[in-house]
Every structure is written in C-alpha cells, then in structure tokens.
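So you can see what is in the structure, the chains are spelled out below.
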Amino acid sequence: MTACRMFASYTRMAMAACSLRGLAVPLLRRFDTVFLVRARLQSTQELPVQPKYAAITSLTQPPWKKVILPNPEEEILHHKEVIQQANTMISERDYGRLFAVVQFAARQWKVTAEDLILIEAPLQAECGDRICMEKVLLVGGGNFTLLGRPLLKKDLVRVEATIIEKTETWPKISFHYKARKREQRKHVIATPQTVLRINSIDIAPTLR
Amino acid sequence: MTGRATASRFLQSVLHNGLGRYVCQLSRITLAFSKGSQTSRGVRDYVENHVVDFAKKHQGTVVYISPRRCHVPKVTAEYCTSVFTYSHHLLLFFQLAFHDAPRCYVLDQYKHLSHCFGHIVIQAYLIDQLQTRPSVNGGTKVVALNSKSAEEIAQVITLMANQSGLDVVRIRKPFHTEHPSIQGLWQPFVNKRSQLSPRIAEWKGAQ
C-alpha cells in the first residue's frame, strides 16, 4: 500500500514537472511508465546539444531564382562596349526603320515614319504645315534602343510630321431628360480634331 | 445613339496624303443663294467680300457661285478621292478642265469677280449645274447657311476645306500604322536561354 502511495506521488510529481515545462502529459497509471518519465527528464537535462536537421521543403527558398549581381568593374566595361556598338551602328547607318515614343497633346505615342495620328484638339498650324515633335522619350531600331531620362536631346533625334486634316468628331448627342417633368435638352457636341502624318524620324550621330 | 450602334471606321487618309506633299482634298465648292431673300444676306456678304480670298488661298479648289431662287442658301462641297494627288501638273489640268466648261453665263452683278480670279465660274440660276460640270468621284457634303453671318459662313467653308472627304463617323483607333512592330513581336522564347546549349554559356563565363 505504501509503495503504491509512493508511486502515485511520483506520478503526480512527474505530471507537475511536465506541466511546468509546458508539456501535455497524459495521466500515467502504470508504475513502470513512471520510472520511464523520470528517466526521460533526467536524460534531457544531461544530454549535449545536437545539431538540428531541417528538411528541404517547397518553402525553404523562394520560387524565383536568386539574383546574382554582376561585378561593377565588369559592368562598366560591358556598358562601354554596348555604347561603342550602338555608336558604330548609328554612324554607319546600320539601321532600317526607326520608331520613337513621343509625348504630344498630353499623350504618348509610339510612332514610325508614314503612320497616322489623330489628336483630339485644334492645332494652330494650318493644313499642310510641317511640324517637329520635340518631346522624344525613346528611339529605337532593330538592334538598339536609345532611352531618354526622361527626354532625349533635340540634336540627337528629329521627328517630323505634317498636318493633313483638321476636322471635327462625329456628332455626339448629349440628351438630358426627366420623366413627367417636361424637362429635356439636346446638345450636339463636335469637338475639333487634327490628323497628323509622321514623315520622318532621324538620328544624328552625337551619342556619347 | 451610342458609338457602338452607329457606323464607324478606322483612321485613314486619302491616297497617302502627306507622305509626299499635302494636297487639299476639297475639289469643288458650290454656293447656292438667293439674290434678294433675307436668309441669304450673310452668303451675299461672304460672296462679295471673302470668297475671292478663299479661292486664292485654296488654289486646287474650284469655287462655283450660283445665285438662284431658293429659301435656304446652301454650300455643297465635293471631295476628290480618285484624283492622283502627287503631281502639281495634273491638278492644274483638273482646274483648267473645270474652267473651260461650256455654257457659262456671267451675271452682271457678279461680273467683277470673274475679272479678279479665273477659277470662279459663275452660272445663272436658270442652268442646271449637273449638265455642265463633270462629276467628282468622292464624298459630298451639304450645309445650310440660312441666317448665318459672313464670319460663320467663313468658318464652315474653312472647315470643309480642311477636311478630307471621308465619313464623319466614329473613328475606332486614334492611330494607324503599316509597321506595328520593328524589333519583332514578343514570343515566349524571346530573352530566354536556348535549350540546346545551356552549359556552354557557363563554361565560356568560367573561362
């Protein structure tokens, strides 16, 4: 009887100790398991720190490739080489058709030679006048592109256009009506439009 | 109606206008008005003071002035869409063909205009114009000018001169290109390493 009482007290102690450590221990009834618990507690205090082995899962590293930045000195050499290649292409006129991104009439247009543009505004120039578009953001050929920050210089690129038509939009009807109030108003809106034809895009060989 | 319900077209030009040289698409303009009615007062004022300046400014356009009995004075604009627009000489021929139209009568009231500028062909209201003038293969626009002042009429006529003869409908896109791609269209294989030689680039880099 006393032995049983002693073992019972041991189980209660073990459970208390485990609860202090935050472990959830089920109620131990068998006497032999009491001894095992005691042995476990003792062993965890005495064992040395062992290395942890983390498993490689789908979340160990991000799904995108790791970015390896290039060497800055190599980068400078690479940039010089690229600029030199672009310069030779421009000076030898080794490009075919050029395209440009141009800011005009509060919009940006990707533009080549011989293409048409419709602008929803009246321009002061007359039909047939030739216009130079000054705000050029980008110019490119088949093998190279020149990007401005934000604009390219005027002596580098020249984009010319001709005004071919100055019309109005199709008649848009603004109709306000209120039922059972005898209120209605019809207003026909036709705002002016201008059609431009891009004549040419030229690059001057002054890129540094 | 909504833009989707009505007719629409793409942005285009007549015979690549503007590539070589800009050509005014308006080929013939006819002012029909009455000599005495109150609604034609503005048109009479325009004909007496402004029409010659317009005709001098637009050398490629033939101006017809047709006083006749009508309640509503009108301007009819006819555009050319089939005339070859690159050569100046062809246009001159076109103008001369109009000028040599047979059976052209000049009214005494407007005789002074014919001395100023030879392109203005003045016809009496008794003659049917369609018989004497050759047709133009293009669009036609008619605008009523009743009770308009000379300045308003000048604005209307200037607008007609600046337009091409294409339909005034919704334009689907505000741009038109024959060459949409210069550096090549994007495909999934652009800017990707080739599958055949993935290691060669690394080996070259190591060297």
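What counts as what
Residues numbered from 1 in each chain as written. Chains lettered and ligands numbered in written order. Predicted model: local features only at pLDDT ≥ 70, side-chain atom pairs only at ≥ 80, totals over all residues. Heavy atoms only, no water. Pairing = 2+ DSSP bridges. Helix = DSSP H or I, 4+ residues; strand = E, 2+ residues; numbered from the N terminus. Axes fitted to C-alpha atoms, helices over the stretch in contact; angles between N-to-C directions. Phe/Tyr/Trp six-rings, centres within 6.5 Å; stacked < 30°, edge-to-face > 60°. Buried < 20%, exposed > 50% of the residue type's maximum accessible area, 1.4 Å probe, protein only. Lys NZ or Arg CZ within 6 Å of the ring centre and 35° of its normal. pLDDT = per-residue confidence, 0-100. Contact = heavy atoms within 4.5 Å.

Asker: I tried to follow the sheet that holds strand β5 (residues 136–140) of chain A on my own but got confused; where do I start?
Answerer: Strands belonging to one sheet form pairs held by backbone hydrogen bonds; the direction of such a pair is parallel or antiparallel. All names here are of chain A. Strand order across the open sheet formed by four strands is β2-β1-β5-β6, with antiparallel pairing between neighbours. Each edge of the open sheet is held by one strand with a lone partner, namely β2 (107–112) and β6 (145–147). Here the average twist between neighbouring strands, direction ignored, is 20°. Alignment of β5 against β6, held across three bridges, turns out to be antiparallel. The residue bridging L138 from the neighbouring strand is L147, located in β6.

Asker: Can you walk me through the packing of aromatic side chains in this structure?
Answerer: By convention here, two paired aromatic rings are described through the distance between centres and the angle between planes. Residue and element names in this part refer to chain A. Taken as a whole and assessed by the stated rule, the structure comprises one aromatic pair over all chains. Look at Y95 and F144: their rings are 6.0 Å apart centre to centre, the planes differ by 65°, and that puts the pair in the edge-to-face class. On the criterion of sequence distance, the pair formed by Y95 in the loop between α3 (72–91) and β1 (99–104) and F144 in the loop between β5 and β6 is long-range, its members being 49 residues apart. For Y95, a relative accessible area of 17% corresponds to the buried category. Taking relative accessible area as the criterion, F144 reaches 6% and is therefore assigned buried. The ring of F99 is capped by K110, whose NZ or CZ atom sits 5.3 Å from the centre of that ring.

Asker: What exactly am I supposed to notice about the confidence of the model for chain B here?
Answerer: For any part of a model where pLDDT is low, the fine detail of the predicted coordinates should not be relied upon. All names here are of chain B. Of the residues in chain B, 67% have a pLDDT of 70 or more, and the chain-wide mean is 78. Taken as a whole, residues 82–108 scores under 50 in pLDDT and shows 45 contacts with residues more than four places along the chain or in a different chain. Predicted confidence for residues 115–120 stays below pLDDT 50, and this span has 13 contacts to residues more than four positions away or in other chains. Confidence metrics for the complex model read pTM 0.71 and ipTM 0.73.

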